[in-house]
Amino acid sequence: MRTHRPIRFISRLLASVIGLYVLCGPLFPWWPIKPAYGALRTPRAEVVARDIDRLDPVYGHIEEILDREEAFHGLEYREPVTVMVLQESWEPRWFTPWMNPRIKAFAYQTGDVVFIRPRGSVGTTEEYVAHELSHSLIHQHCSLAASFTMAEQDWVLEGAAVR
């Protein structure tokens, strides 16, 4: 019986860590229920933010941005994209603790999640959103291994997402 205690403890600990990451960490965008967050849903995107009323009006035109990115790259989105708009100062540390604070936006290599932080002094919100959705579209047309390989050569990934 004693040999099962460590296994039980480790499995509970692992389940707790995964649960924490799903409910309030990097896996949160994939969770179907997002407490304390609102969403603007379109056929190909879900824009998630703490306060939907404070969203930049650009997000109301997300479908148009998706259309432009598809036309530019000659590709179609294979699955909807979740755009996490981080409005509060604590959210970047909460959802993306590994990211350099100078990075204002990024897309997961899975191609279905984009994070937009409060923008910096360069570029408009629409430019940030379009750029990250471009990354997302490229990732959706690559294997996960290829996406991580591209990330190792930053110039390839950034060059492909720049107009």
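Residues numbered from 1 in each chain as written. Predicted model: local features only at pLDDT ≥ 70, side-chain atom pairs only at ≥ 80, totals over all residues. Heavy atoms only, no water.

Asker: Looking at this structure, how should I read the confidence of the model for the chain?
Answerer: As a general rule, the predicted coordinates of low-pLDDT regions are not to be interpreted in detail. Across the chain, pLDDT averages 83, with 82% of residues at or above 70. Mean pLDDT values for the elements of the chain range from 66 in helix 6 (residues 154–160) up to 96 in strand 2 (residues 45–49). (pLDDT = per-residue confidence, 0-100. Helix = DSSP H or I, 4+ residues; strand = E, 2+ residues; numbered from the N terminus.)

Asker: In this structure, what is going on with unusual backbone geometry? I would like to understand it.
Answerer: What you tend to see is this: most non-glycine residues have negative phi, and most peptide bonds are trans. Positive phi, close to 70 degrees, is recorded for A36, a residue that is not glycine. For A36, the location among the structural elements is in the loop between helix 1 (4–24) and strand 1 (38–41). For A36, a relative accessible area of 56% translates into the label exposed. (Buried < 20%, exposed > 50% of the residue type's maximum accessible area, 1.4 Å probe, protein only.)

Asker: Quick question: what am I supposed to make of the packing of helix 2 (residues 62–73) against helix 4 (residues 125–140) here?
Answerer: When two helices pack together, their arrangement is given by the angle between the helix axes and by the axis-to-axis distance. Close contact between helix 2 and helix 4 brings their axes to 9 Å; oriented N to C, the two are set at 55 degrees. As judged from the angle between their axes, helix 2 and helix 4 are oblique. Here helix 2 runs over helix 4; the crossing is right-handed. Here I62, I65, L66, R68, E69, E70 and H73 of helix 2 come into contact with helix 4, specifically with E126, V129, A130, L133, S134, L137 and I138. Across the contact of helix 2 with helix 4, the residue classes tally to eight nonpolar, two polar and four charged. (Axes fitted to C-alpha atoms, helices over the stretch in contact; angles between N-to-C directions. Parallel < 35°, antiparallel > 145°, perpendicular 65-115°, else oblique. Left-handed = near helix turned anticlockwise from the far one by under 90°. Contact = heavy atoms within 4.5 Å. Nonpolar A, V, L, I, M, F, W, Y, C, P; charged D, E, K, R; others polar.)

Asker: Can you walk me through the side chain of S134 in this structure?
Answerer: Within the element layout of this structure, S134 appears in helix 4. The class for S134 is buried, based on a relative accessible area of 1%. Within the local environment of S134, its side chain forms a polar contact with the side chain of E69, the two groups lying 3.5 Å apart. (Polar contact = N/O pair within 3.5 Å; in protein donor to acceptor, adjacent residues only side chain to side chain.)

Asker: Whenever I open this one, the nonpolar core confuses me. Can you help?
Answerer: Burial of nonpolar side chains together is a common tendency in soluble globular proteins. Core analysis: the largest hydrophobic core is formed by 22 residues, its most contacted members being Y59, I62, V83 and L133. Those elements that place two or more of their residues in this core are strand 2, helix 2, strand 3 (81–85), strand 4 (105–107), strand 5 (113–116) and helix 4. With five residues, helix 4 is the largest single contributor of residues to this core. Residues in contact with Y59, not counting those within four places in the same chain, are L40, V47, V83, V85, I116, T125 and V129. F28, Y37, V48 and Y108 belong to the second largest nonpolar core, which has eleven residues in total. (Core = buried A, V, L, I, M, F, W, Y, C linked by side-chain atoms within 4.5 Å.)

Asker: What exactly am I supposed to notice about the pairing of strand 3 here?
Answerer: Each regular strand displays side chains that alternate between the two surfaces of the sheet. Counting buried positions along strand 3 gives five out of five residues, so the element sits mostly inside the fold. Burial along strand 3 is two-sided: V81, V83 and V85 and T82 and M84, pointing in opposite directions, are all buried. Relative to strand 3, strand 2 runs parallel, the two sharing five bridges. Along strand 3, the bridge assignment pairs A49 with V85. For the crossover from strand 2 across helix 2 to strand 3, the handedness is left-handed. Sheet topology note: the strand 3/strand 5 ladder contains four bridges and is parallel. (Pairing = 2+ DSSP bridges. Right-handed = clockwise from strand over helix to strand, strands pointing away.)

Asker: Help me understand the packing of aromatic side chains, please; the structure alone is not making it clear to me.
Answerer: We describe a pair of aromatic rings using the distance from one ring centre to the other and the angle between the two ring planes. Inspection of every chain in the model, using the stated rule, returns eight aromatic pairs. With a centroid separation of 6.0 Å and an interplanar angle of 50 degrees, the aromatic rings of F106 and Y108 are classed as tilted. Across this residue pair, the class does not change: F106 and Y108 are buried. Put simply, the rings of W30, F106, Y108 and F115 pair up and form one aromatic cluster. Here R50 stacks its cationic end above the ring of Y37, 5.4 Å away from the centre of that ring. (Phe/Tyr/Trp six-rings, centres within 6.5 Å; stacked < 30°, edge-to-face > 60°. Lys NZ or Arg CZ within 6 Å of the ring centre and 35° of its normal.)

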